[in-house]
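A structural walkthrough
Chain by chain, the residues run as shown.
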Amino acid sequence: MDRVTPSVIPAKAGIQFFFSLSLLVAGPATAAERVVTLSPHLAELVCAVDACDQLVGVVAWSDFPEFVKQLPQVGDAYAVSVEQVVGLRPTLVLAWDGGTPRETVERLRSLKLRVETLAIRSVDEVAAGLSQVGAWLGTSPAAARVANAYAVRLAGLRTAHAADPVARVFYQIETHPAYTVNRDSPISQAIALCGGRNVFADLPMVAAAVNREAVVARDPQVVIYTRQDDGKAIRRYWQNGPHVAASRAGALFAIDGNLLDRATPRLLDGVEQLCAAISAGRAKYPATVFPANPAPAPASAPPRTRSPTGG
C-alpha cells in the first residue's frame, strides 16, 4: 500500500468527519489524539499520564491497565502490521526507539502518519519519558505529577539501599542457552541500585547468551529469574549444574519480569521485588560473607534536585 485512499463517506459518517475536521482547524489544544502504541510499555505510559481514552490501538502483550486488553492489536512490538495501523486512522503513532523496526517507522511516515519515537534507556529516564508523552498528548499537568512521584520514589529506593553490601548477581533469562543482560540494560542498573553487581555487566551486547562455563567463572552469589520464564526448566538447570555460590546456598529467586522489563512507573515495583530478592539472597550466607556496611553520613544540607519537568 503506497498511499491511503479515502473511501466514500456515508451521510452520518460525513457529519462525524466534518465535526472532527472542525476540531482540527480549531487547533490541537481542543482535539484529542487517536493514538496507536507499538510497544506494551508505551500503552502503559499513555495511560499513566491520564490519556488512556486517546488510545485506539496497541500491540500484543499490552496488558496494563486492564482497559488496553480490549483495544485492537496491530501485531507485536517487532512485527507491526502497517495496514492495521492505517486502518485505525491514528493521528499519532508512538514507536519504541530501539525496539520498533526502523523500516516500520519509515513506512508509516511515508504514509503521512505522525510517528514519534521514545527512548528510555535507564531507570532515571522514565520520568522524562512520562513528561514527553504528556506533552505529545496534551496532559502535561498529569504527566508532571506522575513523573515527580516516580523521581521521589526512585530517590527513596536509592537511599534505602545505599549501604547494602555488594552481592554478585546473575540475571537469568531462559536456559538453553541462558541469556542475560549487560550494564546498558535498565535491569542491570536496577541490580546496582539494590546493592548488587551484575556479573555479566561487561558483555558486548545488551542481551546475549552465556554458557555454563562462563557462569561458573563469574560465580554469582544470587540468581534472579522471572516468573514469566519456565521455572521448572530453570530449577533443573541449576540442579544439574553449574555449581556456583548461589546454587550451593539456594539463593535463586523469581520476580515479575513484566515489571522490571517495562520502562513505566511500575518499573519501581519490580525494583522493590529485585531488592527484596537480593536481600533474601544475602541472608542465605553467614554474616561474615556480607558484613553490614556503615550507613553513609548525612549531608550537611540536602542537595537541590531538579524536577523531571525542568523546574
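Residues numbered from 1 in each chain as written. Predicted model: local features only at pLDDT ≥ 70, side-chain atom pairs only at ≥ 80, totals over all residues. Heavy atoms only, no water.

Considering helix H9 (residues 231-239)
Taken as a whole, H9 has its buried residues at Gly231, Ala233, Ile234, Tyr237 and Trp238. For H9, the angular spread of the buried residues around the axis is 165°, confining them to a single face. Away from its buried face, by an angle of more than 90 degrees, H9 presents the exposed residues Lys232 and Gln239. Those residues of H9 that are buried are in contact with strand S7 (167-171), strand S8 (178-181), helix H8 (212-218), strand S11 (222-226), helix H10 (245-249) and strand S12 (252-255). One or two positions beyond H9, positive phi appears at Gly241, with a value near 105°. (Buried < 20%, exposed > 50% of the residue type's maximum accessible area, 1.4 Å probe, protein only. Helix = DSSP H or I, 4+ residues; strand = E, 2+ residues; numbered from the N terminus. Arc of directions from axis to C-beta. Contact = heavy atoms within 4.5 Å.)

Description of the sheet that holds strand S5 (residues 92-96)
Taken in spatial order, the four strands line up as S2-S1-S5-S6 in an open sheet, and their pairing is parallel. Here the strands that pair on one side only, and so sit at the sheet edges, are strand S2 (55-57) and strand S6 (115-118). In this sheet, adjacent strand axes meet at a mean angle of 35° when their direction is disregarded. For strand S1 (residues 35-37) and S5, the ladder comprises three bridges, and the chain directions are parallel. (Pairing = 2+ DSSP bridges. Axes fitted to C-alpha atoms, helices over the stretch in contact; angles between N-to-C directions.)

So, the sheet that holds strand S9 (residues 196-198)
Across the sheet, four strands lie side by side as S9-S7-S11-S12; this open sheet has parallel pairing. Only two strands of the sheet have a single partner each, and these edge strands are S9 and S12. Taken pair by pair, the neighbouring strands of this sheet meet at an average axis angle of 35°, ignoring direction. Here H9 sits on the sheet in contact with S7, S11 and S12, set at roughly 155° to S11.

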